[in-house]
Every structure is written in structure tokens, then in C-alpha cells.
Amino acid sequence: MNNKLNSKIQSFGELQQSRVISLFSLIGMSITAVMSIFALFQSSLTLFAALSISSCIFFAAFCMVKWRSQTKLSSFIIIYLLYILMFYLIYTGGVEQTGPLWIFIVPPVSVYVHGLKQGSINIALFVFITWILMFNPEWVTGQTIYAHEFKLRLFYSFITISFLSALYEYSRTQLYHHAIELNSKLHKLAHFDELTELRNRRSAQIILEQQVSDFKEHKTPFSVLLCDLDYFKQVNDKYGHNMGDKVLTEIAKLFRHNLRETDYVSRWGGEEFLFILTDTDFNEAYDIAERIRTAVSQQEIALMDQDIKVTMSVGVQEYQSDMSIDQMINLADKYLYEAKRNGRNRVLPHQQ
Ligand SMILES: Nc1nc2c(ncn2[C@@H]2O[C@H](COP(=O)(O)OP(=O)(O)OP(=O)(O)O)[C@@H](O)[C@H]2O)c(=O)[nH]1
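Remember, predicted model here, so these are calculated numbers, not experimental data. Sequence order as written defines residue numbering, which begins from 1 separately in each chain. For this predicted model, a pLDDT threshold of at least 70 governs which residues receive local features, and a threshold of 80 or more governs which side-chain atom pairs are given and counted, while totals over whole chains, interfaces and linings are taken from all residues. Water and hydrogen atoms play no part in the side-chain values, which are based on all heavy atoms of the structure.

Caption draft 1: Representation of the sheet that holds strand S3 (residues 272–278) in the model. A pair of strands is labelled paired if DSSP reports no fewer than 2 bridges between them. Note on conventions: DSSP H or I runs of at least 4 residues are helices, E runs of at least 2 residues are strands, and numbering of each starts at the N terminus. Sheet architecture is open: five strands sit in the order S2-S3-S1-S6-S7, paired in mixed fashion. Two strands bound the open sheet, and with one partner strand each, they are strand S2 (264–269) and strand S7 (347–348). Where strand S6 (residues 312–318) and S7 come together, two bridges link them in parallel fashion. Bridging across to S7, Gly-315 finds its partner in Leu-348. In this description, contact between two residues means that some pair of their heavy atoms is separated by no more than 4.5 Å. Think of each axis as a best-fit line through the C-alpha atoms, taken over the contacting stretch in the case of a helix, with angles from 0 to 180 degrees between the N-to-C directions. On top of the sheet, helix H9 (residues 282–298) reaches strand S1 (222–229), S3, S6 and S7; it is set at about 165° to S6, its chief contact.

Now the structure itself:
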């Protein structure tokens, strides 16, 4: 159940990312389309062609994420198209040498799309290539000569923005992981008993409701075992409440150890426990109850300087059509009471 909640958070994160990627591809498509029109009016035909092609690729990336759910591929296309477009703008200067001003888009998009580590590596590579293009145009027969001061300030501000983007991404992922961790803790508090670490009553109620709806849909049988430790007050009175707690945790361990993978055990009340046995009819449930009762009665629990043994009584009930959960538990409770009256350390009702 906890995993379900965490995977809900994760898929919400993925949904958010695909929304951002599709929004970004739409914005990229619109901006490059508008810029290509400007370039056309200024008779920069190569720039017009480059921007128009980019606009079409952004649109294709948008379609991919929207109708094909290809978020990863789409983000890959967007980010590398963005880099190529930036290198092109730096190399050619864009309109009146304003092209390099667009490079500030790179850091936030890089770390968002590729994550902190890969995004930072990409930014470093981007800085390196940009540095070659701007400071060593002769290496690549660059056409644009930018003023030295402009280049320096561009780099300083780019590095500052990169650092801030990385910091922001770091806090964002920290918060995300913190949310998942907090969710696990809250889930544990809401569904598990602190002392025994078994499921609590509320969690057992949810499982019972699920079992009833499974029964209604597929007629899958299920049974419960209501267990109560015998004369537990005497343990508390003799050894103290803390030692009583220790007995409860040891018994809980034994329960977990004896549990099938498909079954559940919860702390129903003080020294009362409820097993929910899925896909199990009365006869099978009785056998399981006997097995657990025997295991409890044979378990030696080390208390202070001596080993003690406890026993428990069990009421078994298989779910019957049109029974409410309360009715089922009340019947199990009635058999438990009878088991106590008949001398304790036994399972009731007997098998036919
Ligand atoms: N140490 C400890 N004791 C608990 C806890 N919850 C309930 N108890 C004790 O469990 C005892 C239950 O006593 P009773 O209901 O009289 O029953 P019993 O002594 O087990 O006798 P029978 O059930 O009739 O066999 C009480 O002394 C409670 O204080 C707990 O969390 N820790």
C-alpha cells in the first residue's frame, strides 16, 4: 500500500515532467517560428531556414510527448536541438549579434530534463564549446567577432545562472525525495502499530473491506483468526509493563515468522491480534490457527533472568455471503470467548 502511494507520487512527477516537456516544446516551436519570420523580413535566409526547421522539430517533439507518450525521446530531441540552435546563434551571431543572449535558456532546461548530474556535465560541455566558438573563432573560421567585454560578461552571467539552476534543481530533487520519505513515515504511522510493528486495526479494517469486495466479485473465500493472549494481566503484574511489552513484540515476531505471504496479521487491541487469511476456508484456517497456537505455546521468551511461556486462545470465522465485517468479527469474538471459558490455549469452533 505504501509502495502504491510512493509510485503515485513518482508517476505524478513523471506526469509533471511530460507536461513541462510538451509545454517547453510548444514554447520552443512558437518562439522559433516568430523569430524565423523576423529573420525572413531581415532577409537572413539561412537563419530563417534554421529557425523554421527548428520550429518543425519542436512541433514533432510536442506530438511525440502528447500522442505517443515518448517523453524521454522528446526531451532528448528538445535539449540537443536547443544546443545546436544555440551554437548556431553564437556562431552566426543571429540578428545583429544578439544570438548569444538566448543561451541563458540552456542551464535551467538542461538540469530539469537531464537531472543534476548529467545536466551539469552537459552545461560544462556547452560552456567549453561556446568558449571555443566565441574566444577562438579562427579555429572554426567563425564569422562573428564579439566585443571582448561582452564575451566575458556573457560567460560570467552564464556560469552564475548555471550555478543557480543547479542549486534550484538540487533543492527540487531533495524536496521530492523528502516527500517520498515523509510519505513512507506517515504511512507507517497511520497503518502500523508502533510497539509490535504489526498492522494496526485501521489497516486491518481496510484489508477486510478489500477481502469482502473480492469475495463479492470472485467468490474467493477468506477467514479471520481472532487471537488473545491468556492471562496476560498476570505477566504484567509479575514482570512489569515493560516486560509485558517485550512479550508482545516477541509474539508479534513469531506471528510474522509463521505468516504466509498472502496473509495479514494486525494488532487488533491491547493483547488481541487479528489474522486475515486470504483465499482460505474454515478448515484451512483452523489448521493454521492450531499451528500458530502451538508455536506460541512452545515459544520461550527471555524475561529478566528467566524464560517464560505464554499461550493464546483463538476464535476462527470464515466469511459468509451477506455478512458484514462487524458480524464476522463478532462471531470470531464469540468463539474466542468460548475458547477462554473452555480452559484457554485452544482454537474454536472445532473442525466438523
Ligand atoms: N504490557 C502491555 N500490556 C498491555 C498492553 N495492552 C494491554 N495490556 C494488558 O493486557 C492485560 C489484559 O488483561 P485482561 O483483559 O484482564 O485479560 P488476561 O489477563 O489476558 O486474561 P484472559 O484474556 O481472560 O486470558 C491488561 O493487564 C492490560 O494492561 C500493552 O500494550 N502492553
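Here the narrative resumes.
Caption draft 2: Representation of the confidence of the model for the protein chain in the model. With 94% of its residues at a pLDDT of 70 or more, the protein chain shows a mean pLDDT of 90. Note on the complex model: pTM 0.69, ipTM 0.97. Looking at any residue, its pLDDT shows the predictor's confidence there, from 0 to 100.

Caption draft 3: Up close: helix H6 (residues 201–218). In this model H6 runs 25 Å from its N-terminal to its C-terminal C-alpha over 18 residues, within 8% of the 26 Å that 1.5 Å per residue would give. The buried label goes to any residue with under 20% of its type's maximum accessible area, the exposed label to any with over 50%, and the partly exposed label to all in between, with areas taken from a 1.4 Å probe on protein chains only. Ser-203, Ala-204, Ile-207, Leu-208, Gln-211, Val-212 and Phe-215 are the residues of H6 that are buried. Each element contacted by the buried residues of H6 is listed here: helix H5 (148–191), S1, S2, S3 and helix H10 (325–341). Backbone geometry just after H6 places Lys-219 at a positive phi near 60°. Expected span, for any helix, means 1.5 Å times one less than how many residues it has.

Caption draft 4: Focus on the environment of Ala-39. Along the chain, Ala-39 falls in helix H1 (residues 2–41). Residue classification places Ala-39 among the buried positions, given a relative accessible area of 0%. For the pair Ala-39 and Ala-50, spaced eleven residues apart in the sequence, the C-alpha separation amounts to 9.9 Å. Excluding anything up to four places from it in sequence, Ala-39 contacts Ser-44, Leu-47, Phe-48 and Leu-51.

Caption draft 5: Up close: H10. The terminal C-alpha atoms of H10 lie 24 Å apart, and with 17 residues this matches the ideal 24 Å at 1.5 Å per residue to within 8%. The set of residues buried in H10 consists of Ile-325, Met-328, Ile-329, Ala-332, Tyr-335, Leu-336, Ala-339 and Lys-340. What you see down the axis of H10 is that its buried residues fit within an arc of 150°, all on one side. Turned more than 90 degrees away from the buried face of H10 sit Asp-326, Asn-330, Tyr-337 and Arg-341, all of them exposed. On the buried face of H10, the contacting elements are H6, S1, S2, S3, S6 and S7. Residue Gly-343 follows H10 closely and has a positive phi angle near 115°. To obtain the arc, one takes the directions from the helix axis to the C-beta atoms.

Caption draft 6: View of the site of the ligand. Taken together, the neighbourhood of the ligand is formed by 16 residues, with Phe-232, Lys-233, Asp-245, Arg-267 and Arg-344 sitting nearest. By the criterion applied in these results, polar contacts are pairs of N or O atoms within 3.5 Å in which, for protein atoms, one can donate a hydrogen and the other can accept it, and in which residues neighboring in sequence qualify only through two side-chain atoms. Here an oxygen atom of the ligand and a backbone polar atom of Leu-229 are 3.3 Å apart. Per-residue accessibility takes into account occlusion by the displayed protein chains alone, with areas from the Shrake-Rupley method and a 1.4 Å probe. Coverage of the ligand by the protein chains reaches 68% of its 670 Å² of free accessible surface. Contributing elements (two or more residues each) for the shell around the ligand: S1, helix H7 (232–239) and helix H8 (241–257). Among the elements that take part in the shell around the ligand, H8 stands out by supplying four residues, more than any other. Throughout this entry, Asp, Glu, Lys and Arg are counted as charged residues, while Ala, Val, Leu, Ile, Met, Phe, Trp, Tyr, Cys and Pro are counted as nonpolar. The remaining residues, Gly among them, count as polar. In terms of residue class, the shell around the ligand is built from four nonpolar, four polar and eight charged. In these notes, residues near a molecule or strand are those with any non-hydrogen atom within 4 Å of it.

Caption draft 7: Spatial organisation of the packing of H7 against H8. Contact pair H7 / H8: the axes reach a minimum separation of 6 Å and the direction vectors enclose 135°. The angle between H7 and H8 places the two elements in the oblique class. Counting all contacts with H7, which are made through Phe-232, Val-235, Asn-236 and Tyr-239, the residues of H8 involved are His-241, Met-243, Gly-244, Val-247 and Leu-248. Looking at the contact of H7 with H8 residue by residue, the classes come out as six nonpolar, three polar and no charged. Any angle that is under 35 degrees is reported as roughly parallel, and any over 145 degrees as roughly antiparallel; angles of 65 to 115 degrees are reported as roughly perpendicular and all others as oblique.

Caption draft 8: Region of the structure containing the packing of aromatic side chains. Pairing of aromatic side chains requires ring centres within 6.5 Å, counting the rings of Phe and Tyr and the six-membered ring of Trp. Pairs whose planes differ by under 30 degrees are stacked, by over 60 edge-to-face, and all others tilted. This model, assessed by the stated rule, comprises 16 aromatic pairs. By definition, being over a ring means that NZ of Lys or CZ of Arg is both within 6 Å of the ring centre and within 35 degrees of the ring normal. One residue, Lys-151, lies across the ring of Phe-135, its end atom 4.8 Å from the ring centre.

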